[in-house]
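These are the residues of each chain, in order.
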Amino acid sequence: MYRRGKADLEAKRYPEAISSFKGLIDGFPSDPLVPSARKYLAIAKARKKAAEAASARETAQGAEQPKLMLKPVYPERKPEEEEAVPVKGNPANCKPHRASDRLRVCNWYDAMAYCEGRLPTVIQLQELDLAECSGGNQHGICGCRIWSSQGDGANAKTVITHLGGEIQTDRKSQSNIFVLCDKPAGN
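In this text, all values refer to a predicted model and were calculated from it rather than measured experimentally.

Here is what the cut-offs are and how they apply
- Residues numbered from 1 in each chain as written.
- Predicted model: local features only at pLDDT ≥ 70, side-chain atom pairs only at ≥ 80, totals over all residues.
- Heavy atoms only, no water.
- Disulfide = S-S within 2.5 Å.
- Helix = DSSP H or I, 4+ residues; strand = E, 2+ residues; numbered from the N terminus.
- Contact = heavy atoms within 4.5 Å.
- Pairing = 2+ DSSP bridges.
- Buried < 20%, exposed > 50% of the residue type's maximum accessible area, 1.4 Å probe, protein only.
- Core = buried A, V, L, I, M, F, W, Y, C linked by side-chain atoms within 4.5 Å.
- Salt bridge = Lys/Arg side-chain N within 4 Å of Asp/Glu carboxyl O.
- Axes fitted to C-alpha atoms, helices over the stretch in contact; angles between N-to-C directions.
- Parallel < 35°, antiparallel > 145°, perpendicular 65-115°, else oblique.
- Left-handed = near helix turned anticlockwise from the far one by under 90°.
- Nonpolar A, V, L, I, M, F, W, Y, C, P; charged D, E, K, R; others polar.

A. Quick peek at the state of the cysteines. Counted by the stated rule, this structure contains three disulfides. Across the disulfide from C94 sits C106; the S-S distance is 2.1 Å. Given an S-S torsion of about 60°, the disulfide between C94 and C106 has right-handed geometry. Of this pair, C94 sits in the loop between strand 1 (68-71) and strand 2 (95-97) while C106 sits in strand 3 (residues 100-106), and the two are 12 residues apart along the sequence. A disulfide bridge connects C133 with C142, and the sulfur atoms are separated by 2.2 Å. Its torsion about the S-S bond being -100°, the disulfide of C133 and C142 is classed as left-handed.

B. Quick peek at the side chain of H97. Position of H97 relative to the elements: it lies in strand 2. Residues contacting H97, with those up to four places away along its chain left out, are L103, R104, V105 and F178.

C. The arrangement of the pairing of strand 5 (residues 155-160) in detail. In terms of strand pairing, strand 4 (residues 145-152) meets strand 5 through five bridges, oriented antiparallel. Counted as the bridge partner of W147 is T158 from strand 5. Connecting strand 4 to the antiparallel partner strand 5 that follows it, the hairpin turn spans two residues, and G153 within it adopts a positive phi of roughly 60°. Two elements, strand 5 and strand 6 (residues 166-171), share six bridges in a ladder whose sense is antiparallel. If you follow K157 over to strand 6, its bridge partner there is T169.

D. Structural view of the environment of C94. Here C94 falls in the buried class, since its relative accessible area comes to 2%. Through-space distance from the C-alpha of C94 to that of V105 is 5.4 Å; in sequence the pair is 11 residues apart. For C94, the residues in contact, after removing those within four places along its chain, are R104, V105, C106, D110, A111, Y114 and V179.

E. Molecular detail of the environment of F178. Its place among the elements puts F178 in strand 7 (residues 177-179). Spatially, the C-alpha atoms of F178 and W108 are 9.3 Å apart, while their sequence positions differ by 70 residues. For F178, the contacting residues outside a window of four places in its chain are H97, L103, R104, V105, C144, R145, I146 and W147.

F. Fine view of the nonpolar core. Y2, L9, F21, A37 and Y40 are the most contacted members of the largest nonpolar core, which totals 16 residues. Contributing elements (two or more residues each) for this core: helix 1 (2-10), helix 2 (14-27) and helix 3 (34-61). Setting aside anything within four residues of it in sequence, one finds Y40 in contact with Y2, K6, L9 and F21.

G. Representation of the pattern of salt bridges within the structure. On inspection of all chains with the given rule, the structure shows four salt bridges. E52 is the partner of K48 in a salt bridge, and the nearest nitrogen-oxygen pair spans 4.0 Å. Of this pair, K48 and E52 both sit in helix 3, four residues apart, which is roughly one turn of that helix. By relative accessible area, which is 28% here, K48 ends up partly exposed.

H. Structural context of the packing of helix 1 against helix 2. Two numbers describe how helix 1 lies on helix 2: the axes approach to 8 Å, and their chain directions differ by 160°. In terms of their interaxial angle, helix 1 and helix 2 are classed as roughly antiparallel. Handedness of the crossing formed by helix 1 with helix 2: left-handed. Touching Y2, R4, G5, K6, D8 and L9 of helix 1 are Y14, E16, A17, S20, F21 and L24, all from helix 2. Here the contact of helix 1 with helix 2 is composed, by residue class, of six nonpolar, two polar and four charged.

What follows is the structure in structure tokens.
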């Protein structure tokens, strides 16, 4: 059941994967694979939900609507006089991560300033996770916790890639979370 569930998850057959994992958990609670099955059950549910949301949005918006695309982590800098009023934060604090000079880490305020106020939404990050980190990929952003634009008070939501786009809430002052900028296609 466990192997069948993993195969269904990798093939993006989420209802079948959920059924297999539930069958293992419910039918064999003392099996040593139950903790792993619970983990993959949560991933399958999250991916199914994200796929359904993406499908519903696509249907509602129509295929002709331009989609938002993530902006490279090195934003094009405007001359000083054209820059927008900075958000509470300093873009210079977003430093390259030791694992890759393409990825940067900083707190939420600095990330907002770095991206000129355009961080991706939770849904966009989950869609990116589905596109780039499914099927066991271990490259690029896979395995990173990434800031989203959504936050309340001192907390903001982050998405963990390679775990089915799991949503977390972190303190905006936490400085070890990755940054990706968002911008409309064609800009």
